[in-house]
Amino acid sequence: MASVAAAPAASPPSTASASSAPFTAPAPAALSGLRVLDLATLFAGPLAATLLGDFGADVVKVEHPDRPDPSRGHGPDRDGVGLWWKLLGRNKRTVTLDLSAPGGRDILLRLAAGADVVIENFRPGTLERWGLGWAELSAVNPRLVLTRVTGFGQFGPYAHRPGFGTLAEAMSGFAAVTGEPDGPPTLPPFGLADSIAALATSYAVLTALAARAATGRGQVVDMAIIEPILTVLGPQPIWYDQLGYVQPRTGNRSRNNAPRNTYRTADGQWLAVSTSAQSVAERVLRLVGRPELAEEPWFASGAGRARHTEELDAAVGGWIARRTRAEVLTAFEKAEAAVAPVYDIREVMDDPQYRALDTITEVDDPELGPLRMQNVLFRLSETPGAIRWAGRPHGADTDEVLGELGLTGADIAELRAQGAL
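The sections below set out a description of the structure shown in this document. (Residues numbered from 1 in each chain as written. Predicted model: local features only at pLDDT ≥ 70, side-chain atom pairs only at ≥ 80, totals over all residues. Heavy atoms only, no water.)

### Thoughts on the sheet that holds strand 11 (residues 339-341)
Spatially, three strands are ordered 9-10-11 in an open sheet, and the strand pairing comes out antiparallel. Whereas interior strands pair on both sides, the edge strands pair on one side only; in this sheet they are strand 9 (261-264) and strand 11. Strand-to-strand, the axes of this sheet are offset by a mean angle of 30 degrees, without reference to chain direction. Bridge count between strand 9 and strand 10 (residues 270-273): four bridges; the pairing is antiparallel. Bridge assignment links Arg264 to a residue of strand 10, and that residue is Trp270. Lying on the sheet, helix 12 (residues 309-321) is in contact with strand 9 and strand 10; it crosses strand 9 at an angle near 35 degrees. (Pairing = 2+ DSSP bridges. Helix = DSSP H or I, 4+ residues; strand = E, 2+ residues; numbered from the N terminus. Axes fitted to C-alpha atoms, helices over the stretch in contact; angles between N-to-C directions. Contact = heavy atoms within 4.5 Å.)

### Let's talk about the pattern of salt bridges
By the definition in use, this model includes 25 salt bridges. When the shortest N-O distance is used, the salt bridge between Lys86 and Glu367 registers 2.5 Å. Note that Lys86 is positioned in helix 2 (residues 83-88) and Glu367 in the loop between strand 12 (360-365) and strand 13 (369-374), a separation of 281 residues in sequence. Residue Lys86 is classed as buried on the basis of its relative accessible area, which comes to 2%. One salt-bridge network, in which partners are shared between bridges, spans Arg35, Asp58, Arg93, Glu400 and Glu404. (Salt bridge = Lys/Arg side-chain N within 4 Å of Asp/Glu carboxyl O. Buried < 20%, exposed > 50% of the residue type's maximum accessible area, 1.4 Å probe, protein only.)

### A look at the nonpolar core
If you look at the biggest cluster of nonpolar residues, it comprises 40 residues, and the most contacted ones within it are Val36, Leu52, Ala57, Val117, Ile119, Ile225 and Ile229. Those elements giving two or more residues to this core turn out to be helix 1 (44-53), strand 6 (117-120), strand 7 (145-150), helix 7 (192-215), strand 8 (220-224) and strand 13. Per-element accounting of this core gives the leading share, ten residues, to helix 7. Each residue touching Val117, except ones within four places of it in the same chain, is listed here: Arg35, Val36, Leu37, Leu144, Val145, Thr147, Val205 and Leu209. The next biggest cluster of nonpolar side chains, apart from the first, holds 26 residues, and it includes Leu97, Leu132, Leu144 and Leu146. (Core = buried A, V, L, I, M, F, W, Y, C linked by side-chain atoms within 4.5 Å.)

### Concerning a nonpolar patch on the surface
Judged by side-chain polarity, Leu199, Leu377 and Phe378 come together as a nonpolar surface patch covering roughly 290 Å² of accessible area. Assignment of secondary structure puts Leu199 in helix 7. The class for Leu199 is partly exposed, based on a relative accessible area of 43%. (Patch = residues over 30% accessible without salt bridge, like charges linked within 9 Å, V, L, I, M, F, W, Y side chains within 5 Å. Areas by Shrake-Rupley, 256 points an atom, 1.4 Å probe, with all protein chains shown as cover.)

### Brief notes about helix 12
For helix 12, with 13 residues, the first-to-last C-alpha span of 17 Å sits near the 18 Å given by 1.5 Å per residue. Inspection of helix 12 places Thr309, Leu312, Asp313, Ala315, Val316, Gly317, Trp319 and Ile320 among the buried residues, and these make up the whole buried set. Among the structural elements, strand 9, strand 10, helix 10 (278-287), helix 11 (302-306) and helix 13 (325-335) are those in contact with the buried residues of helix 12. (Expected span 1.5 Å × (residues − 1).)

### Some remarks on the sheet that holds strand 2 (residues 58-63)
One open sheet accounts for six strands, arranged 5-2-1-6-7-8; its pairing is parallel. Two strands lie at the open edges of the sheet, namely strand 5 (92-96) and strand 8, each paired on one side alone. Taken over all neighbouring pairs, the strand axes of this sheet differ in orientation by 20 degrees on average, direction set aside. Pairing geometry for strand 7 and strand 8, over five bridges, is parallel. For Thr147, the partnering residue across the bridge sits in strand 8 and is Val221. The strands touched by helix 7 are strand 6, strand 7 and strand 8; relative to strand 8, the strand with the most contacts, the crossing angle is about 165 degrees.

### Quick word on the packing of helix 10 against helix 13
Where helix 10 contacts helix 13, the two axes come as close as 10 Å, and the packing angle between them is 130 degrees. When the axes of helix 10 and helix 13 are compared, the pair comes out oblique. The hand of the helix 10/helix 13 crossing is right-handed. Residues Arg283, Val284 and Leu287 of helix 10 pack against Ala331, Phe332 and Ala335 of helix 13. For the contact of helix 10 with helix 13, the class distribution of residues is five nonpolar, no polar and one charged. (Parallel < 35°, antiparallel > 145°, perpendicular 65-115°, else oblique. Left-handed = near helix turned anticlockwise from the far one by under 90°. Nonpolar A, V, L, I, M, F, W, Y, C, P; charged D, E, K, R; others polar.)

What follows is the structure, given as structure tokens:
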């Protein structure tokens, strides 16, 4: 495998100095020894597998011999190499298998026999049609966790429809509450629902594995992409159920507190201000020279402040508009009030806090050389995650992985001749 820059381990809490700490060998990664077969494409399933691989799981990415994961061609490329794939395919070994061919089916069953997790996102019934459903997979490995990620789940009237994150963003209510009050519903320009579903899927996998530790048995995870995004939208269902309340589009404003908006500075930059905490709201109004507003009875609650959004926005926005971004940030920090610059990706890459956390880290890639991407999601003091390599070429590890099953070079050549690899 390629040599890459690993994510740095977080320092464990300690009162001892670094110079006096005894040397300890690096601990194995948290998910070391876990074998994951990633059969999925675009994007929730593969990203869930990536998150597991970041913390040490041995992820084997299975792609069709002639139709690679479409993420390899999504978005910009450099010299014909897809950049999104470098992120999504990191920490995965890549093999090619035609699961619909008898030889490919047999190899998949052999891989599944030694795996802990299979992640797939075919339409319901597809694996069963190939003889690779839960009955066949659990027969070769009763401890297997089969994780099925689809747009609408494994049953119900929409189960067999094609489903993508965009549809989840629309159906969940996310688009309906996003955008300006007089504008259209707004969809995010990135895979929001897929990413939320990926986080939920990795959580579901680890939950199923914890249950397996107690029962000795695997099970099926049914993840519908339309559901996790609805969960993170908050209390909208209970508001409607109990009050008949339907949350409207409010732009950057909130119905729950104020001031909360983006404001433009004298030098044409944008800042976001949040006052979710009452004490912070009071500090902001004192800072902008309107302490009398904080004395109003309605100011004592977020809902009360939200009913006076126009007045509060005028006070805060007017003060910010007369100052540069640097001046506003300095003043807010001194006042211990909550503010953040609205960054584009250029400023994200240069921000000192992100640099301190190594949030965007450098990986040495044999195809493209040094490249920067998001680091692992969180820091563990004892068993940290790491980016061991970026996304590998299509089928780069087929011979290695099949060799681990005991197949000889002649066996592999025969399978290729059959079109199974």
